[in-house]
There are 2 protein chains.
Amino acid sequence: MRPLALTMGDPAGIGGELTVRAWLALKAGGPAFVVLDDPDRLRALAAALHLDIPIDEVATPDVSGFASALPVLAVRLAVPARPGRPEPANAKAVIASIEQAARLAMAGAVSAVVTNPINKAALYQAGFAYPGHTEFLAALTGTDGRQEMMLASPELRVVPVTVHAGLRDAIASLTTARILAAARTAAAALRRDFGMPRPRLAVAGLNPHAGEGGALGDEETRLIEPAIAALRAEGEDVSGPWPPDTMFTAAARARYDVAICMYHDQGLIPLKTLDMAQGVNVTLGLPIVRTSPDHGTAYDIAGQGIADPTSLVAALRLAAEIAARR
Amino acid sequence: MRPLALTMGDPAGIGGELTVRAWLALKAGGPAFVVLDDPDRLRALAAALHLDIPIDEVATPDVSGFASALPVLAVRLAVPARPGRPEPANAKAVIASIEQAARLAMAGAVSAVVTNPINKAALYQAGFAYPGHTEFLAALTGTDGRQEMMLASPELRVVPVTVHAGLRDAIASLTTARILAAARTAAAALRRDFGMPRPRLAVAGLNPHAGEGGALGDEETRLIEPAIAALRAEGEDVSGPWPPDTMFTAAARARYDVAICMYHDQGLIPLKTLDMAQGVNVTLGLPIVRTSPDHGTAYDIAGQGIADPTSLVAALRLAAEIAARR
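Predicted, not measured: the structure shown is a model, and the values here were computed from it.

A word on the overall build of chain A. Within chain A one finds 11 helices and 12 strands. Taking 20 Å as the expected radius of gyration for a compact globule of 326 residues, we find that chain A reaches 20 Å, a close match to that expectation. Each of the three principal axes of chain A carries a C-alpha extent, and together these read 60 × 40 × 35 Å. Across the 326 residues of chain A, 58% fall into the buried class. For chain A, the share of sequence-separated contacts (at least 6 apart) that also reach a separation of at least 24 residues comes to 75%. Split by element, the accessible area of chain A, about 12,100 Å² in all, is 52% carbon and sulfur. The centroid of the 29 positive side-chain charges in chain A is displaced by 4 Å from the centroid of its 33 negative side-chain charges.

Moving on to unusual backbone geometry. A cis amide bond, omega 5°, links B:G30 with the succeeding residue B:P31. Mapping B:P31 onto the fold places it in the loop between α1 (15-26) and β2 (33-37). For the bond from B:G240 to B:P241, the omega torsion is -5°, close enough to zero to count as cis. Looking at the secondary structure, you find B:P241 in strand β9 (residues 237-242). With a phi angle near 55°, A:H209 is a residue other than glycine that sits in the positive phi range. Phi angles above zero are rare outside glycine, and A:A298 is one such case at about 50°. With respect to the helices and strands, the residue A:A298 is situated in the loop between β12 (290-293) and α11 (310-325).

With that settled, the discussion passes to the sheet that holds strand β10 (residues 258-261) of chain A. Residues and elements named next belong to chain A. Spatially, 12 strands are ordered β3-β4-β2-β1-β5-β12-β11-β6-β7-β10-β8-β9 in an open sheet, and the strand pairing comes out mixed. Pairing within the sheet leaves two strands with one partner each, and these edge strands are β3 (55-58) and β9 (237-242). Taken over all neighbouring pairs, the strand axes of this sheet differ in orientation by 30° on average, direction set aside. Set on the sheet, helix α8 (residues 219-233) makes contact with β8 (200-204) and β9; between it and β9 the angle comes to about 170°.

The next thing to look at is the pattern of salt bridges. Residue and element names in this part refer to chain A. All chains considered together, the criterion is met by 33 salt bridges over all chains. Notably, a salt bridge pairs R43 with E57, separated by 3.6 Å at the nearest N-O pair. In this pair, R43 sits in helix α2 (residues 39-48) while E57 sits in strand β3, placing the two residues 14 residues apart along the sequence. Judged by relative accessible area, R43 falls into the partly exposed class, the value being 37%. The network of salt bridges with common partners includes D40, R43, E57 and R76.

Turning next to the interface of chain B and chain A. Contact with chain B, which involves 33 residues of that partner, is made by 33 residues of chain A. The contact between chain B and chain A buries some 2,800 Å² in all, and 65% of this surface belongs to carbon and sulfur atoms. When residues of chain B are sorted by the area they lose upon contact with chain A, B:D245, B:I269 and B:T273 head the list and together hold 22% of the total. Here chain B is connected to chain A by 6 salt bridges. Joining chain B to chain A, the criterion identifies 10 residue pairs in polar contact (both at pLDDT 80 or more).

Attention now moves to the state of the cysteines. Scanning the entire structure with this criterion turns up 0 disulfides over all chains. Summary of cysteine pairing: A:C261 is not part of a disulfide, and the nearest cysteine sulfur, belonging to B:C261, is at 17 Å. Of the residues examined, A:C261 reaches a relative accessible area of 0% and is grouped as buried.

Interfaces are often sized by the accessible area lost when the parts come together. Residue and element names in this part refer to chain A. For chain A, the assigned domains are domain 1 (1-145 + 293-326) and domain 2 (148-285). Placing a centre on the C-alpha atoms of domain 1 and another on those of domain 2 gives a separation of 29 Å. Taken together, the contacts link 13 residues of domain 1 with 16 residues of domain 2. Between domain 1 and domain 2, the buried area comes to about 1,200 Å², and carbon and sulfur atoms account for 56% of it. Interface area lost by domain 1 to domain 2 is led by D294, R325 and R326, which between them contribute 43%.

All names here are of chain B. Ordered in space as β3-β4-β2-β1-β5-β12-β11-β6-β7-β10-β8-β9, the 12 strands form an open sheet in which the pairing is mixed. The sheet is open, and its two edges are formed by β3 (55-58) and β9, each paired on a single side. The average undirected angle you get between the axes of adjacent strands in this sheet is 30°. With 3 bridges connecting them, β2 and strand β4 (residues 70-74) associate as parallel partners. For D37, the partnering residue across the bridge sits in β4 and is A74.

Before going further, it helps to examine the packing of aromatic side chains. Residues and elements named next belong to chain A. All told, the structure shown has 9 aromatic pairs over all chains when counted by the stated rule. With a centroid separation of 5.1 Å and 70° between ring planes, the pair formed by F33 and F66 is classed as edge-to-face. With F33 in strand β2 (residues 33-37) and F66 in the loop between β3 and β4 (70-74), this pair connects stretches of sequence that are 33 residues apart. With a relative accessible area of 0%, F33 lands in the buried category. Members of the aromatic cluster, each reached through a chain of ring pairs, are F128, Y130 and F136.

Among the nonpolar cores identified, the biggest contains 191 residues, and A:F33, A:L70, A:M262, B:F33, B:L70 and B:M262 are the most heavily contacted of them. Dropping the residues within four chain positions of it, A:M262 is found in contact with A:V161, A:T162, A:L174, A:I179, A:V203, A:A204, A:G205, A:L206 and A:I224. A:A204, A:C261, B:A202 and B:C261 belong to the second-largest nonpolar core, a separate cluster that totals 28 residues.

What follows is about the relation of the copies chain B and chain A. Overlay of chain B on chain A (RMSD 0.0 Å): rotation 180°, translation along the axis 0.0 Å. Look at the turn and shift together and you get a two-fold axis relating the two. Within chain B, the C-alpha atom positioned nearest to the axis of rotation is that of B:P270, 3.0 Å from it. Comparing contact sets, 100% of the residues at the interface of chain B also lie at the interface in chain A, consistent with an isologous, same-surface contact.

Our focus in this paragraph is the environment of A:N116. All names here are of chain A. Among the structural elements, N116 can be located in the loop between β5 (112-114) and α4 (120-125). Those residues in contact with N116, other than ones at most four positions away along the chain, are L6, T7, M8, G9, G15, L18, T19, H133 and L312. In terms of polar contacts, N116 uses its side chain to reach the backbone carbonyl oxygen of T7, at 2.9 Å. Among the polar contacts listed, one links the side chain of N116 to the side chain of T19, at a separation of 3.0 Å.

Another point: the side chain of B:D294. Residue and element names in this part refer to chain B. As for its placement among the helices and strands, D294 is situated in the loop between β12 (290-293) and α11 (310-325). The class for D294 is buried, based on a relative accessible area of 10%. Not counting the four nearest positions on each side in its chain, D294 is found in contact with L151, L271, K272, G279, V280 and S311.

About the criteria used
- Residues numbered from 1 in each chain as written.
- Chains lettered and ligands numbered in written order.
- Predicted model: local features only at pLDDT ≥ 70, side-chain atom pairs only at ≥ 80, totals over all residues.
- Heavy atoms only, no water.
- Helix = DSSP H or I, 4+ residues; strand = E, 2+ residues; numbered from the N terminus.
- Rg over C-alpha atoms; globule rule 2.2 N^0.38 Å.
- Buried < 20%, exposed > 50% of the residue type's maximum accessible area, 1.4 Å probe, protein only.
- Contact = heavy atoms within 4.5 Å.
- Areas by Shrake-Rupley, 256 points an atom, 1.4 Å probe, with all protein chains shown as cover.
- Lys, Arg positive; Asp, Glu negative; His and termini not counted.
- Charge placed at Lys NZ, Arg CZ, Asp CG, Glu CD.
- Pairing = 2+ DSSP bridges.
- Axes fitted to C-alpha atoms, helices over the stretch in contact; angles between N-to-C directions.
- Salt bridge = Lys/Arg side-chain N within 4 Å of Asp/Glu carboxyl O.
- Buried area = accessible area lost by both parts, 1.4 Å probe.
- Polar contact = N/O pair within 3.5 Å; in protein donor to acceptor, adjacent residues only side chain to side chain.
- Disulfide = S-S within 2.5 Å.
- Domains from an automatic or database assignment.
- Phe/Tyr/Trp six-rings, centres within 6.5 Å; stacked < 30°, edge-to-face > 60°.
- Core = buried A, V, L, I, M, F, W, Y, C linked by side-chain atoms within 4.5 Å.
- Least-squares fit on C-alpha atoms with pLDDT ≥ 70 in both.

This is the structure:
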């Protein structure tokens, strides 16, 4: 099994703490990963947290010593990182960490890319031109515009059709084509990456009670039902549009493998309500495997040693599982 | 303690089954209720379900024999009820059951009204002119337009600011005044009816990440923050606008007593995902106490004896608790 590549993320955020704690959690049983980060800042961080983290500076993604030391491919910071204080001078290193991880994955030297959280605002100041990780990785791998975000936890998988937009704009941008694209990408990913030969898709309605036959909105009949009909004609096992409020109960979840959701919070409210800690973000539609923890830089608690590595550990494990299936 | 009044609901739905099962669940320990229903149809229903339900036809809301028989104030059906087959000829009896329950509550002869589910479409055909129970009860009690719906379960209480409208229309109808009205009514109800001298209100954002500082929508700054400021100036313990996807985790829920939600599914997705069976609908802002189970007529399973009375039993218990505090 080839190693995973883990990026630095924003060095003012909780990424470094999560990295060293994830190594502690995984050093005995794996999966093994190499982190693209500044070895000096990781050493200083471990010391500040009173953690014994031997650092192994490697020149290639070599994880043969993973059980006894954290392997680091050096990406040097311009100025020392301070918890909670984003530093535009370090944006170049943050971006380089992602670029190098993607390059290693494209070259087959690592099996997957797992990304620590970034602060987009800090990167924009340094000229970063992408809305986020996903679009940057799409550009680096030459696959712009075909990505979908899946959030996966032990309880539930969701793929929101619209993502980072205000709710009004999200509704206005909803089309049958967008619903179809998200559902097709989700179905393909479940087949290839999750070992499900015949995944069951549940498509949410947009409106309360899924529109109640048109009395509470027409998007179900106008946009969603045509997408469901097309998916069914393609041979997919698909159901819906489901009333959003009852489709995430335990009994309902047992009847599908992924929920295709119409907007961000429709999927993320039940996912995080059911399991805040173990949600993992999986980018579908890239030629490389990419996962990330389902939280941000958490400046408010950075450097305090209280950040919870559960989601990063789950992201590393899921990346290894997906890579093993490809 | 005065008895509760339970309405018939749609006789083609699951209401009758729920009523007899709720009596079985509560006959030993209470709270005692009288049902406004057709004694003959309840007898026939109990026989069909092989349940031993002695019926006590009473002329007044007398529950002195509640432990040994179900007290029924007779409201006769025009034609026999058939499970799953709504019958316009019976609409008059369905409406009369609600009217009489409200009248008994206004007169102080019962302590609260608990309503079984109705089918509004079947009532409209018979000339019923209200969007639902709430508006009908508001008219019957002379308090039109000041009601809010609270959904309460052991895990969570939510008050949606907008309710039965398509999501686009719900967003368009959102105003600071509507948010304020819902929050004030919720706070007053928690003080009077739930024994909380200083309730903690958590106000949800509308957009993903609560708008992310305006990047994902402006309703937070334009509509929601002014409402929060006004509530705070009135002395309420209020927080928000919270990112909707993280405000329903167990840790977040521990910090508030009620979530003021911007649309139906924002509140009902987490409520039903956490606890499908025990959700209770409480109408706030009526001069009488009114609760109802958090589900519909369920024609698809009516008459089969498999309907779950948990929500109706919870609705009866909560109505009694509220009535005891008034």
